[in-house]
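# Reading the structure
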Amino acid sequence: LAEERVFQARTLHGTRSRADADALLGQRDLWETAGRYQEGFQAATEALALYQALGERDPQRLALAHLAVGGFGARLHAPVPADIAHLQTAAQLLAPLPGPNLLGTVYEQLIVAYLGQGDMESAYQAGMRGVQANRAQRGADDWKTAASEDQVGQLAMLTLRPAEAVALINHGLQGLRVADS
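Rules of the game
Residues numbered from 1 in each chain as written. Predicted model: local features only at pLDDT ≥ 70, side-chain atom pairs only at ≥ 80, totals over all residues. Heavy atoms only, no water. Helix = DSSP H or I, 4+ residues; strand = E, 2+ residues; numbered from the N terminus. Rg over C-alpha atoms; globule rule 2.2 N^0.38 Å. Buried < 20%, exposed > 50% of the residue type's maximum accessible area, 1.4 Å probe, protein only. Contact = heavy atoms within 4.5 Å. Lys, Arg positive; Asp, Glu negative; His and termini not counted. Charge placed at Lys NZ, Arg CZ, Asp CG, Glu CD. Salt bridge = Lys/Arg side-chain N within 4 Å of Asp/Glu carboxyl O. Core = buried A, V, L, I, M, F, W, Y, C linked by side-chain atoms within 4.5 Å. Phe/Tyr/Trp six-rings, centres within 6.5 Å; stacked < 30°, edge-to-face > 60°. Lys NZ or Arg CZ within 6 Å of the ring centre and 35° of its normal. Axes fitted to C-alpha atoms, helices over the stretch in contact; angles between N-to-C directions. Parallel < 35°, antiparallel > 145°, perpendicular 65-115°, else oblique. Left-handed = near helix turned anticlockwise from the far one by under 90°. Nonpolar A, V, L, I, M, F, W, Y, C, P; charged D, E, K, R; others polar.

Turning our eyes to something else, we now look at the overall build of the protein. Along the protein, the regular secondary structure elements total 10 helices and zero strands. Along its sequence from the N terminus, the protein presents helices and strands in the succession α-α-α-α-α-α-α-α-α-α. Computed over its C-alpha atoms, the radius of gyration of the protein comes to 17 Å, within 12% of the 16 Å expected for a compact globule of 181 residues. With the principal axes as the frame, the protein shows a C-alpha extent of 55 × 35 × 30 Å. Taken across its 181 residues, the protein has 43% of its residues classed as buried. In the protein, once contacts between residues fewer than 6 apart in sequence are set aside, the share between residues at least 24 apart is 56%. If you average the places of the 15 positive and of the 20 negative side-chain charges in the protein, the two averages end up 4 Å apart.

For the rest of this paragraph, the subject is the pattern of salt bridges. In this structure the tally under the stated criterion is 10 salt bridges. Arg28 serves as the salt-bridge partner of Glu32, at 3.2 Å between the closest nitrogen and oxygen. Taken together, the residues Glu32 and Arg28, both in helix H3 (residues 28–34) and four residues apart, mark about one turn of the helix. Residues Glu39 and Arg36 are paired through a salt bridge, measuring 2.6 Å at the closest nitrogen-oxygen approach. A relative accessible area of 27% means that Arg36 is categorised as partly exposed. The network of salt bridges with common partners includes Arg28, Asp29, Glu32 and Arg75.

Note on placement: Asp22 falls in helix H2 (residues 18–25). Relative accessible area serves as the criterion here: at 17%, Asp22 is assigned to the buried category.

As a further point, take unusual backbone geometry. Residue Pro100 follows Gly99 across a cis peptide bond; omega there is 0°. Tracing the backbone shows Pro100 in the loop between helix H6 (81–94) and helix H7 (103–116). Although it is not a glycine, Leu160 sits at a positive phi angle of roughly 65°.

Val106, Tyr107, Leu110 and Val152 are the most contacted members of the largest nonpolar core, which has 26 residues in total. Broken down by secondary-structure element, the contributors of at least two residues to this core are helix H5 (59–76), H6, H7, helix H8 (120–138), helix H9 (143–158) and helix H10 (162–180). In this structure, Val106 is in contact with Leu67, Leu87, Ala90, Ala91 and Leu94, ignoring residues within four places of it in sequence. If you look at the next biggest cluster of nonpolar residues, it comprises 15 residues, including Ala44, Leu48, Leu62 and Ala68.

The next subject is the packing of aromatic side chains. Within this structure, the stated rule accounts for one aromatic pair. An angle of 45° between the planes, with centres 6.3 Å apart, marks the rings of Tyr37 and Phe72 as tilted. Separated by 35 residues along the polypeptide, Tyr37 in helix H4 (residues 37–54) and Phe72 in helix H5 bring together distant segments of the chain. Here the basic side chain of Arg161 rests over the ring of Tyr124, its NZ or CZ set 3.8 Å away from the ring centre.

Our focus in this paragraph is the packing of H7 against H9. Where H7 contacts H9, the axes come no closer than 11 Å and their chain directions differ by 20°. Classified by the interaxial angle, the pair formed by H7 and H9 is roughly parallel. Classified by chirality, the crossing of H9 by H7 is left-handed. Across the interface between the two elements, Thr105, Glu108, Ile111 and Leu115 of H7 pack against Lys144, Gln151, Val152 and Leu155 of H9. Per-class residue counts for the contact of H7 with H9 are four nonpolar, two polar and two charged.

This part takes up H2. Counting buried residues in H2 gives six out of eight residues, a clear majority hidden from the surface. Along H2, the residues classified as buried are Asp20, Ala21, Asp22, Ala23, Leu24 and Leu25.

Pasting the structure below:
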């Protein structure tokens, strides 16, 4: 279905259109869950280049493109500064917008990138920003908030913050149990 959307966008609007870029990014979740990082990285890079060439100004579209380029890049190869810069750009674009949006997801991707670089402290800090974003946008009891608290709780434990780890993990697991029931 996602590939058909790309085909239709190109047929109706051409290969250098906003619709083409949107369709390319519409496959992000599919590629990520299937571990097809090379395809995702190539499509996201193409979509971002299209948006830039077209002068796109929609922060949601631009943020999604930067999220995809940085996120796929950080999984495709050892994370490089450009991957982190794309993710940070996505966060800057989304932070002032009303939620819920992908800001928490951007911080999850930053966790992956920083861990790939072996930078546990930066991963923890990105994770905490994600927890704060999810709490603000989705509420303290939302499953997405609970999942981010559990993730960051693990990082808190690894960065020698045991009291914070216990609080985050307990609240996160409680929230996940409620969401699961």
